[in-house]
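Examining the three-dimensional arrangement
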Amino acid sequence: MKISPLPLPPWEPAKRTLHHFLQIIGKVRKARMPVRNHWWNLTLYVDPRGVSTRGMPLDDIGNQFEIRLDLIGHRCEVVTSRGEEVGFPLARGLSVADFYRQVNGLLAKIDAATPILARPYDLETDRPFAELTDVADYEPEAVSKFWRALLWVDGVLKEFAGRFYGKTCPAHLYWHHFDLVITRFSGKLAPPMPPSASAVERDAYSHEVISFGFWPGDDKVREAAFYSYTYPLPEGIADEPLLPAGADWVDSNGSPLAFLPWAVLVGAPNPRQDLLDFLESTYTAGARRAGWELEEWRYESFEA
């Protein structure tokens, strides 16, 4: 498979709008799902037609509902285990305010009204979703192109996740920062975080982790890229070699971060293998320096 370029500037307004849409449905999932360790109750998932909340509790007799952004048919759809199917088009120019209003309307139709903190998280504005009539740059073609990239990355991350016997999170999309992630755990507690750390940070980093992710770029990182980091940060990790050529250690808030630009994979003869090589080399770097049991946790597939 050949990898298409994903330059950020041409679709940045559409990305901004899509990011707000994902935050809205992600906040519904957070409100509806039972608490999970490391905030796994709030994540979204790439699926064969777009991005989904997966099943969420609907009532006290076991029914569930799901919200999906269908990025092939360009619709927001809500389906329930009772047989209801409701939705609306994701049309060019759809504003965040209108998306928020229509999602609330769908939830009301299935008796699933869900109060959320109805403002963006960690974006350029904290104005309520209902006021964001000016964030209205949904572009079907640009969004579909990016989703196709997410779909490919999701498949590679799942393959990589299957090579580890230890605790590993699903391949899931964190809607607050818009990154698709998997994380491996050593099983050991991490040192306590400082009192200034947020509740989110304290739970996310309660145990030793090596995390791997992909994100489309933002106002600071102006390109789509893959990354990996080890927490707690082991001494000397930036001296470890990385694959493929083009991957490097970069500074991230004073700490080394393994970084692979998407552009490195464009035109590569075997981009899937290059990405797997990046994931394996960053895991090996972190695990070796942090004293993880490399062979104990390695899973080798076999024929039954």
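Right, let's walk through the structure included here. This is a predicted model, so every value here is computed, not measured.

**Let's talk about helix 2 (residues 96-109)**
- Taking 1.5 Å of rise per residue, 14 residues should cover 20 Å, and helix 2 covers 20 Å from first to last C-alpha, within 8% of that figure.
- Among all positions in helix 2, only V96, A97, F99, Y100, V103, L106 and L107 are buried.
- In the core, the buried residues of helix 2 are packed alongside helix 1 (12-32), strand 4 (64-70), strand 5 (75-80) and strand 6 (85-89).
- Just past helix 2, the residue D111 takes up positive phi, approximately 60°.

**Regarding unusual backbone geometry**
- In this model, Y231 is joined to P232 through a cis peptide bond whose omega is -5°.
- Note on placement: P232 falls in the loop between strand 10 (225-231) and strand 11 (248-252).
- For the peptide bond that leads from L243 to P244, omega is -10°, which places it in the cis range.
- Among the structural elements, P244 can be located in the loop between strand 10 and strand 11.
- Its identity as a non-glycine residue notwithstanding, F178 has a phi of 65°, on the positive side.
- With a phi close to 55°, N253 is a non-glycine residue in the positive phi region.

**A short note on the side chain of S211**
- Mapping S211 onto the fold places it in strand 9 (residues 207-215).
- Within the structure, the side chain of S211 is placed 2.8 Å from the side chain of T183, a separation counted as a polar contact.
- Ignoring any residue separated from it by four or fewer positions in sequence, one finds S211 in contact with V181, I182, T183, Y227, S228 and Y229.

Procedures and definitions
Residues numbered from 1 in each chain as written. Predicted model: local features only at pLDDT ≥ 70, side-chain atom pairs only at ≥ 80, totals over all residues. Heavy atoms only, no water. Helix = DSSP H or I, 4+ residues; strand = E, 2+ residues; numbered from the N terminus. Expected span 1.5 Å × (residues − 1). Buried < 20%, exposed > 50% of the residue type's maximum accessible area, 1.4 Å probe, protein only. Contact = heavy atoms within 4.5 Å. Polar contact = N/O pair within 3.5 Å; in protein donor to acceptor, adjacent residues only side chain to side chain.

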